[in-house]
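Residue-level listing of the chains:
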Amino acid sequence: MHEVIQGVQGDPTVYLNGQFLPLSKATVSVLDRGFIFGDGIYEVVPVYWGRPFRMKEHLDRLERSLAKIELQQPMPRAQLEQLVFDLLERSDLRDDLSMVYMQVTRGVAKRDHPFPVPAVKPTLFAMVAPFVRPTEAVRTQGLSAISVPDERWLHCDIKSVSLLGNVLAKQAAIRAGVDEVIQFRDGWLTEGSSCNIWVVHDGCVYAPPKNNLVLEGIRYGFLEELCAAQGLSYVLEPISREQVVMADELMLTSATREVLPIVRLDDQPIAQGRPGPVYTRLRQAYDDRVLALRRND
Ligand SMILES: Cc1ncc(COP(=O)(O)O)c(C=O)c1O
């Protein structure tokens, strides 16, 4: 069962509430507010050859998510960083590609909507899972997507464990036989089911503004840096459905999919239906930054 959950052999060590223990022994109460209400947040840090990538930005976002749901820090920042390294140290994937998943919930309490008074200890769970970089085939062929109405709530900036809207959107993609959804709220682009969406027009890279309607992916900041280094304009502004359909190129980004081209939307090609030159430059720049981690011994 745990092989299925983690995609690795055996029973990997995970962290739960102050203890390192085998995944099979890590259990939480059914009264945990994460289970009962989805009252918690999470974070995913990609790790290349044992080196967490942009960990500061990921932990900053974790802290912002906690603050937005008025949840206390489960431990000081320095300890959280140390926890990531301690977990990696105990993992078979310590020298490989992996991701560190962290989740904090409002803890275990009687089932009642208001925050527990007095506050209970938050539940902190973390594990290392394998991460496979996008294959050459996906990078060169690109992905397909369908557009769907964004039916989620109005706090998509919080990396909440309440992911039902995202789960249903992703399942719509699976059902349609495509790779991803592109969500629109009132005709304006928001994001994918678990990724941000980028639109290229006349060599300029556009994405929706960072507001409550999208999760600010850590790749927002990273792509801004890469665009600056490549001399590409980077603009955050509302993007209409028409602009998406008429794009020269479409891309998605996430911690695990890095940057990938979307070449078909609603069964129609985007431009020529092939990965474009801006994607190719950003992909190369992304790879260079990742490979630099490997050389930095
Ligand atoms: C809804 C959503 N938007 C965007 C992203 C991309 O964020 P990041 O680049 O930090 O992985 C994710 C990542 O999981 C996500 O779930």
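Everything discussed here concerns the structure shown above.
Because the structure is predicted, anything quoted here is derived from the model rather than measured.

Before going further, it helps to spend a moment on the overall build of the protein chain. Of regular secondary structure, the protein chain possesses nine helices and 15 strands. Here the C-alpha radius of gyration of the protein chain, 20 Å, is about what a compact globule of 297 residues would show, namely 19 Å. Seen along its three principal axes, the alpha-carbon backbone of the protein chain occupies a region of about 55 × 45 × 35 Å. Here the protein chain holds 297 residues, and 50% of them are scored as buried. Contacts in the protein chain between residues at least 24 apart in sequence constitute 70% of all its contacts with a sequence separation of at least 6. A total of about 14400 Å² of accessible surface is found on the protein chain, and carbon and sulfur atoms cover 54% of it. Averaging the positions of the 33 positive and the 38 negative side-chain charges in the protein chain gives two centres separated by 2 Å.

With that out of the way, let us pick up the packing of helix α3 (residues 55-68) against helix α4 (residues 77-89). It is the contact of α3 with α4, at a shortest axis distance of 11 Å, that shows an interaxial angle of 125°. In this view, α3 runs oblique relative to α4, as classed from their interaxial angle. Between α3 and α4 lies a crossing of right-handed hand. Every residue of α4 that contacts α3 at Met55, Lys56, Leu59, Asp60, Leu62 and Glu63 is listed here: Arg77, Leu80, Glu81, Val84 and Phe85. When the residues that make up the contact of α3 with α4 are grouped by side-chain class, the tally is six nonpolar, no polar and five charged.

The next point concerns empty space enclosed by the protein. Here the structure, examined in full by the defined rule, presents one cavity of 30 Å³ or more. As for the largest cavity, its lining consists of Asp248, Glu249, Leu250, Pro261, Ile262, Val263, Ile270, Arg274, Pro275, Gly276 and Tyr279. Taken together, the elements giving at least two residues each to the lining of the largest cavity come down to β13 (249-254) and β14 (258-265). Sorting elements by how many residues they give to the lining of the largest cavity places β14 first, with three residues. Of the residues belonging to the lining of the largest cavity, the class tally is seven nonpolar, one polar and three charged.

Tallied over the entire structure, the rule returns eleven aromatic pairs. Through a chain of ring-to-ring contacts, the aromatic side chains of Tyr48, Trp49, Phe53, Phe131, Phe222 and Tyr286 assemble into a single cluster. The lysine or arginine in question, arginine 106, covers the ring of phenylalanine 115, its NZ or CZ lying 3.6 Å from the ring centre.

Around the ligand, 17 residues are found, and the nearest of them are Arg61, Glu191, Ile218, Arg219 and Ala255. Interatomic distance of 3.2 Å between a side-chain N/O atom of lysine 159 and an oxygen atom of the ligand. Within the backbone of isoleucine 218, one N or O atom sits 2.8 Å away from an oxygen atom of the ligand. When the ligand is considered free in solution it has 390 Å² of accessible area, and contact with the protein chains removes 92% of it. Placement of the ligand is best described as lying within the largest pocket.

Time to look at the pattern of salt bridges. Enumeration according to the criterion identifies 25 salt bridges in this entry. Residue glutamate 180 is joined to arginine 257 by a salt bridge in which the shortest nitrogen-to-oxygen separation is 2.9 Å. On the criterion of sequence distance, the pair formed by glutamate 180 in strand β8 (residues 180-185) and arginine 257 in the loop between β13 and β14 is long-range, its members being 77 residues apart. Both residues of the pair, glutamate 180 and arginine 257, belong to the buried class. Arginine 283 is paired through a salt bridge with glutamate 258; the nearest N and O atoms lie 2.6 Å apart. Pair noted here: arginine 283 is in helix α9 (residues 277-295) and glutamate 258 is in strand β14, with a separation of 25 residues, a long-range link. With relative accessibility at 6%, the residue arginine 283 sits in the buried group. Among the charged side chains, a network of salt bridges with common partners joins Lys56, Asp60, Glu63, Arg77 and Glu81.

A few words on the nonpolar core. With 45 residues, the main nonpolar core has Tyr48, Ile182, Leu250 and Leu282 as its most contacted residues. For this core, the secondary-structure elements that each account for two or more residues are β7 (143-149), β8, β10 (196-201), β11 (204-207), α7 (218-230), β13, β14 and α9. Residue contributions to this core peak at seven residues, all from α9. Among the domains, domain 1 (13-130) and domain 2 (136-295) are the pair contributing at least three residues each to this core.

On the basis of which strands lie adjacent, the open sheet formed by six strands has the order β2-β1-β6-β5-β3-β4 and antiparallel pairing. The open sheet has two edge strands, β2 (19-22) and β4 (51-52), and neither has a second partner. Where strand β3 (residues 40-48) meets strand β5 (residues 98-105), eight bridges bridge the pair, whose relative direction is antiparallel. Bridging from a neighbouring strand, proline 46 pairs with methionine 99 of β5.

Criteria and cut-off values
Residues numbered from 1 in each chain as written. Predicted model: local features only at pLDDT ≥ 70, side-chain atom pairs only at ≥ 80, totals over all residues. Heavy atoms only, no water. Helix = DSSP H or I, 4+ residues; strand = E, 2+ residues; numbered from the N terminus. Rg over C-alpha atoms; globule rule 2.2 N^0.38 Å. Buried < 20%, exposed > 50% of the residue type's maximum accessible area, 1.4 Å probe, protein only. Contact = heavy atoms within 4.5 Å. Areas by Shrake-Rupley, 256 points an atom, 1.4 Å probe, with all protein chains shown as cover. Lys, Arg positive; Asp, Glu negative; His and termini not counted. Charge placed at Lys NZ, Arg CZ, Asp CG, Glu CD. Axes fitted to C-alpha atoms, helices over the stretch in contact; angles between N-to-C directions. Parallel < 35°, antiparallel > 145°, perpendicular 65-115°, else oblique. Left-handed = near helix turned anticlockwise from the far one by under 90°. Nonpolar A, V, L, I, M, F, W, Y, C, P; charged D, E, K, R; others polar. 1 Å grid on protein atoms, 1.4 Å probe; cavity = no way out; pocket = protein on both sides within 12 Å on 5 of 7 lines; lining within 4 Å. Points joined across faces, edges and corners; volume = space filled by probe spheres on them. Phe/Tyr/Trp six-rings, centres within 6.5 Å; stacked < 30°, edge-to-face > 60°. Lys NZ or Arg CZ within 6 Å of the ring centre and 35° of its normal. Near = heavy atom within 4 Å. Polar contact = N/O pair within 3.5 Å; in protein donor to acceptor, adjacent residues only side chain to side chain. Sits in = over half its atoms within 2 Å of the grid points. Salt bridge = Lys/Arg side-chain N within 4 Å of Asp/Glu carboxyl O. Core = buried A, V, L, I, M, F, W, Y, C linked by side-chain atoms within 4.5 Å. Domains from an automatic or database assignment. Pairing = 2+ DSSP bridges.

Keep in mind these numbers describe shape, not what the thing actually does.
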